[in-house]
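The chain contents come next:
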Amino acid sequence: MLAMNANPYLEALQSQSPRFESTLRSIGLVAATEATVLIMGETGTGKELAARAIHAGSPRASRPLVTVNCATIPDELAESTLFGHRRGAFTGALADQPGLVDQADGGTLFLDELGELPLALQAKLLRLLENGETRAVGETGTRRVDLRVVAATHRDLSAMVEAGEFRADLYFRLAGVPVELLPLRDRQGDVDWLFARFLAENAARNGVAQPRLTARATGVLRRYRWPGNVRELKQLAERLVIFHAGGVVDVEALPPAMRSAAQSERGGPLAPGFVLPEGGVDLEAVESDLLRQALAHTGGNKSHAARLLHLSRDTFLYRLKKFAIE
């Protein structure tokens, strides 16, 4: 097993959230096995990075990693694409064609968006998982392949099983070793930390100065729900570096969806009566200042201070500890 710091894909998934760090340790442990893995998580949480980390940390790391996005393969071509075909198997099959399963022989097959795989193919995938057997379209017998399968989905496969849209036997075969990637909104401290990291990386890559966020803009980012998760956060950092290099970013410069979410939030601004700096500020300085102001505003009542900042009590206490605020 590769050490975590030697696996570039695990490094790309790093976090300051204790819960997410636990997930990363699980990925490192499962990588060294031959287990089939099902990665679950919302769009933008890093499912492909996790799959690549599993492959890179496995004994198969020197062999191919073949990625298949099941959502992009037309149903009529799915079987041929995955399992290959023999000459004459259908109109236009002028020669034998290996499938992606054959290309992954000896390595890892990553089935992204598994929930989109047609029901008709799920039985063949189950046979592959159970017996290592594959059969091309038009082939009379079966062949054995040696590969590991890692699958990923943003859909609720258990609900799909109940609806008859996914095979129960395949689901239970895949779900034996699950890895669930938390959404960004549930990763304590990661919005600030990752955003600062992405800003710095983009500014360095483009050879420009980093933009600075006002306290109001920083508050919006912290309270935003991030439906696109880390991918959305990364794209925002790139956008602000391109259009506001070296400048000050206020709420008006944020994407419309974020501004709309901020305006429609219950409870209004961060905390009534706060006096917040309007100039460009360091993200950590803003966070520390907000925590102290919230405590002062509520006479030291931590539960009330957490509500003023639209944080859970656990998240608020975690941030107090982070900045050693008594």
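Here, the structure is the one placed above.
Here is what the cut-offs are and how they apply
Residues numbered from 1 in each chain as written. Predicted model: local features only at pLDDT ≥ 70, side-chain atom pairs only at ≥ 80, totals over all residues. Heavy atoms only, no water. Helix = DSSP H or I, 4+ residues; strand = E, 2+ residues; numbered from the N terminus. Buried < 20%, exposed > 50% of the residue type's maximum accessible area, 1.4 Å probe, protein only. Contact = heavy atoms within 4.5 Å. 1 Å grid on protein atoms, 1.4 Å probe; cavity = no way out; pocket = protein on both sides within 12 Å on 5 of 7 lines; lining within 4 Å. Points joined across faces, edges and corners; volume = space filled by probe spheres on them. Polar contact = N/O pair within 3.5 Å; in protein donor to acceptor, adjacent residues only side chain to side chain. Axes fitted to C-alpha atoms, helices over the stretch in contact; angles between N-to-C directions. Parallel < 35°, antiparallel > 145°, perpendicular 65-115°, else oblique. Left-handed = near helix turned anticlockwise from the far one by under 90°. Nonpolar A, V, L, I, M, F, W, Y, C, P; charged D, E, K, R; others polar. Salt bridge = Lys/Arg side-chain N within 4 Å of Asp/Glu carboxyl O. Pairing = 2+ DSSP bridges.

Observations concerning the side chain of R60
In this structure, R60 sits in the loop between α3 (47-56) and β2 (65-69). Among the residues examined, R60 registers a relative accessible area of 8% and is labelled buried. Ignoring sequence-local partners within four residues, the contact set of R60 consists of E34, H55, G106, G107, T108, D146, L147 and R148.

Points about the layout of surface pockets
The calculated volume of the largest pocket comes to roughly 580 Å³. Lining the largest pocket are 22 residues, with R185, R222, R225, H310 and L311 positioned closest to its centre. Elements with a minimum of two residues in the lining of the largest pocket: α9 (190-206), α10 (215-223) and α15 (313-322). Here the second largest pocket is characterised by a volume of approximately 510 Å³.

A look at helix α4 (residues 75-83)
Note: α-helices contain 3.6 residues per turn, so residues at a spacing of three or four share the same orientation. Restricting attention to buried positions, one finds in α4 the residues A78, S80, L82 and F83. Packed against the buried residues of α4 are β2, α5 (100-103), β3 (108-112), α6 (119-131), β4 (133-134) and β5 (143-144). Directly beyond the C-terminal end of α4, a positive phi value near 85° is found at G84.

Thoughts on the side chain of N7
With respect to the secondary-structure elements, N7 resides in the segment before α1 (8-12). We classify N7 as buried; its relative accessible area is 2%. Of the polar contacts made by the side chain of N7, one reaches the backbone nitrogen of Y9; its length is 3.1 Å.

What about α3?
Counted residue by residue, α3 has seven buried out of 10 residues, so it is predominantly covered. Looking at the buried positions of α3, the neighbouring elements they touch are α1, α2 (18-31), β1 (37-40), β2, β3 and β6 (148-153).

Let's talk about the packing of α2 against α3
The interhelical angle for the contact between α2 and α3, taken along N-to-C directions, is 40°, at an axis separation of 8 Å. Classed by the angle they form, the pair α2 and α3 counts as oblique. Where α2 crosses over α3, the handedness of that crossing is right-handed. Residues I27, V30 and A31 of α2 lie in contact with α3, whose contacting residues are A50, A53 and I54. Each residue belonging to the contact of α2 with α3 can be placed in one class, and the counts come to six nonpolar, no polar and no charged.

With respect to the environment of A12
Structurally, A12 is set in helix α1. For the pair A12 and L49, spaced 37 residues apart in sequence, the C-alpha to C-alpha distance is 7.6 Å.

Section: the pattern of salt bridges
Counted according to the given criterion, the structure contains 17 salt bridges. Across the salt bridge formed by E139 and R143, the nearest N and O atoms sit 2.9 Å from each other. Judged by relative accessible area, E139 falls into the buried class, the value being 17%. Exposure remark for R143: the relative accessible area of 25% places this residue in the partly exposed category. Each member of the salt-bridge network shares a partner with another, and the members are R86, D102, E139 and R143.

Some thoughts on unusual backbone geometry
Residues other than glycine seldom take positive phi values, yet E113 does so here, at roughly 50°. Looking at the secondary structure, you find E113 in the loop between β3 and α6. At A324, a residue that is not glycine, the phi angle is positive and equals roughly 55°. Within the fold, A324 resides in the segment after α15.

Brief notes about the sheet that holds strand β7 (residues 178-180)
The five strands lie next to each other as β2-β3-β6-β1-β7, forming an open sheet whose pairing is parallel. Each edge of the open sheet is held by one strand with a lone partner, namely β2 and β7. In this sheet, adjacent strand axes meet at a mean angle of 20° when their direction is disregarded. Taken strand by strand, α2 contacts β1, β6 and β7, and its axis lies near 150° from that of β7.

Treat this as a map of the structure, not an account of what it does.
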